[in-house]
Amino acid sequence: MDRLEPDGNGVLNKSVPVMMRHYLRIANSKHRVALARVLLSGHRYAIEALRRVEGIVERENRWCRLCGVGVESPEHVWFECRGRTELGTLRRRLALDITKGCSQREVNWILDGQGVCEHLKRLVAVRNSVTMVAQFAYEVEELMKVWVDW
Ligand SMILES: [Zn+2]
């Protein structure tokens with residue numbers, strides 16, 4: 001099955017059979033690895049980490065260790081969690097970087113996504129935002145190492 005890339009209008013409908021992932025071009029290796037962990041489910045957020053422990057913790061019970069409200073997924077911690085004020089600061093900087101580094105068309109396309117999973121997909125699909133998202137992934141991961149048993 002071909003994968004979809006944004007067309008000239010920023011719409012994710014250009015079918016490409018083979019194409020190097022944008023995140024593989026990220027120069028900072030720590031940032032690239034942090035994002036790759038999230039994209040390939042090799043991260044330590046509870047939604048994945050609790051899959052690997054003895055005894056089954058149902059997906060819906062893998063609570064966020066920061067707020068205790070939602071399931072602790074990368075999307076939750078990155079875009080929804082209110083458990084730490086530092087996350088809000090990082091989100092605001094990411095949003096500012098994206099508005100400065102991406103075209104208005106790209107920003108609109110990213111914002112038109114429905115839900116946090118779609119936002120993440122679109123942020124990674126846009127060549128100009130993937131580097132910023134990778135830095136964000138790294139910075140959140142570093143804070144999670146301090147905040148929780150990572
Ligand atoms: Zn949370």
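The model shown is predicted, which means the values in this text are computed figures rather than measured ones.

### Some words on the nonpolar core
Now for step 1: Ranked by internal contacts, the top residues of the largest apolar core, which has 31 residues, are Leu35, Val77, Val133, Ala134 and Ala137.
Now for step 2: At the level of elements, helix 1 (29–39), helix 2 (46–49), helix 3 (74–80), helix 4 (85–101), helix 6 (116–125) and helix 7 (127–147) are the ones that each hand at least two residues to this core.
Now for step 3: Setting aside its immediate chain neighbours within four residues, Val133 contacts Leu35, Leu123 and Val124.

### Side note on helix 1
Now for step 1: Every buried residue of helix 1 is listed here: His31, Arg32, Ala34, Leu35 and Val38. The buried residues of helix 1 occupy one face: seen down the axis, they fall within an arc of 165 degrees.
Now for step 2: In the segment just after helix 1, Ser41 is the residue with positive phi, at about 55 degrees.

### A closer look at helix 4
What sets the pattern is the α-helix's 3.6 residues per turn: residues three or four places apart point alike.
Now for step 1: Relative to the 24 Å expected for 17 residues at 1.5 Å per residue, helix 4 spans 25 Å between its end C-alpha atoms, a close match to the ideal helical length.
Now for step 2: Leu87, Leu94 and Ile98 are the residues of helix 4 that are buried. The buried side chains of helix 4 occupy one side of the element, clustering within an arc of 35 degrees when seen end-on. For helix 4, exposure combined with an orientation more than 90 degrees from the buried face picks out Thr85, Gly88, Thr89, Arg92, Leu96, Thr99 and Lys100.
Now for step 3: The inward-facing, buried residues of helix 4 abut helix 3, helix 5 (104–111) and helix 7.

### Some points on the confidence of the model for the protein
Now for step 1: Of the residues in the protein, 90% reach a pLDDT of 70 or more, and the chain-wide mean stands at 90.
Now for step 2: Within the protein, strand 1 (residues 3–6) has the poorest average pLDDT of any element, 68, and helix 4 the best, 97.

### With respect to the packing of helix 4 against helix 7
The description of two packed helices rests on the angle between their axes and on the distance between the axes.
Now for step 1: In the contact formed by helix 4 and helix 7, the axes pass within 9 Å of each other and the chain directions differ by 170 degrees. In terms of their interaxial angle, helix 4 and helix 7 are classed as roughly antiparallel. Across the interface between the two elements, Glu86, Leu90, Leu94, Asp97, Ile98 and Gly101 of helix 4 pack against Asn128, Ser129, Met132, Phe136, Glu139, Val140 and Leu143 of helix 7.
Now for step 2: Split into classes, the residues belonging to the contact of helix 4 with helix 7 amount to 7 nonpolar, 3 polar and 3 charged.

### Considering the environment of Arg122
Now for step 1: The residue Arg122 is located in helix 6 in this model.
Now for step 2: In sequence terms Arg122 and Glu5 are 117 residues apart; their C-alpha atoms lie 9.6 Å from each other.
Now for step 3: Every residue in contact with Arg122, bar those within four places of it in the chain, is listed here: Trp109, Ile110 and Gly113.

### Quick look at unusual backbone geometry
Now for step 1: Within the chain, Ser41 stands out as a residue other than glycine whose phi angle is a positive 55 degrees.
Now for step 2: If you trace the backbone, Ser41 turns up in the loop between helix 1 and helix 2.
Now for step 3: The class for Ser41 is exposed, based on 11 C-beta atoms found within 10 Å.

Parameters and conventions
Numbering of residues starts from 1 in every chain and runs along the sequence as written. Where totals are concerned, whole chains, interfaces and linings use all residues; where local detail is concerned, this predicted model gives features only for residues with pLDDT of at least 70, and gives and counts side-chain atom pairs only at 80 or more. Residues of type Ala, Val, Leu, Ile, Met, Phe, Trp, Tyr and Cys that are buried and joined through C-beta atoms within 7 Å form what is called a nonpolar core. Exposure is read from a count of other C-beta atoms within 10 Å of each residue's own; the residue is exposed at 12 or fewer, buried at 20 or more and partly exposed in between. C-beta atoms are placed from the backbone. Where helices and strands are cited, they refer to DSSP runs of H or I of at least four residues and of E of at least two residues respectively, numbered from the N terminus. The contact rule is simple: place each C-beta atom from the backbone, and if two of them lie within 7 Å, those residues are in contact. Read the arc as the range of directions from the helix axis to the C-beta atoms. Each residue after the first adds 1.5 Å to the expected span of a helix. A residue's pLDDT is simply how confident the predictor is in it, with values from 0 to 100. A fitted line through C-alpha atoms serves as each axis, taken over the contacting stretch for helices, and the angle formed by two N-to-C directions is quoted from 0 to 180°. An angle below 35 degrees is read as roughly parallel, one above 145 as roughly antiparallel, one from 65 to 115 as roughly perpendicular, and any other as oblique. Polarity classes work like this: nonpolar for Ala, Val, Leu, Ile, Met, Phe, Trp, Tyr, Cys and Pro, charged for Asp, Glu, Lys and Arg, and polar for all others, with Gly in that last group.

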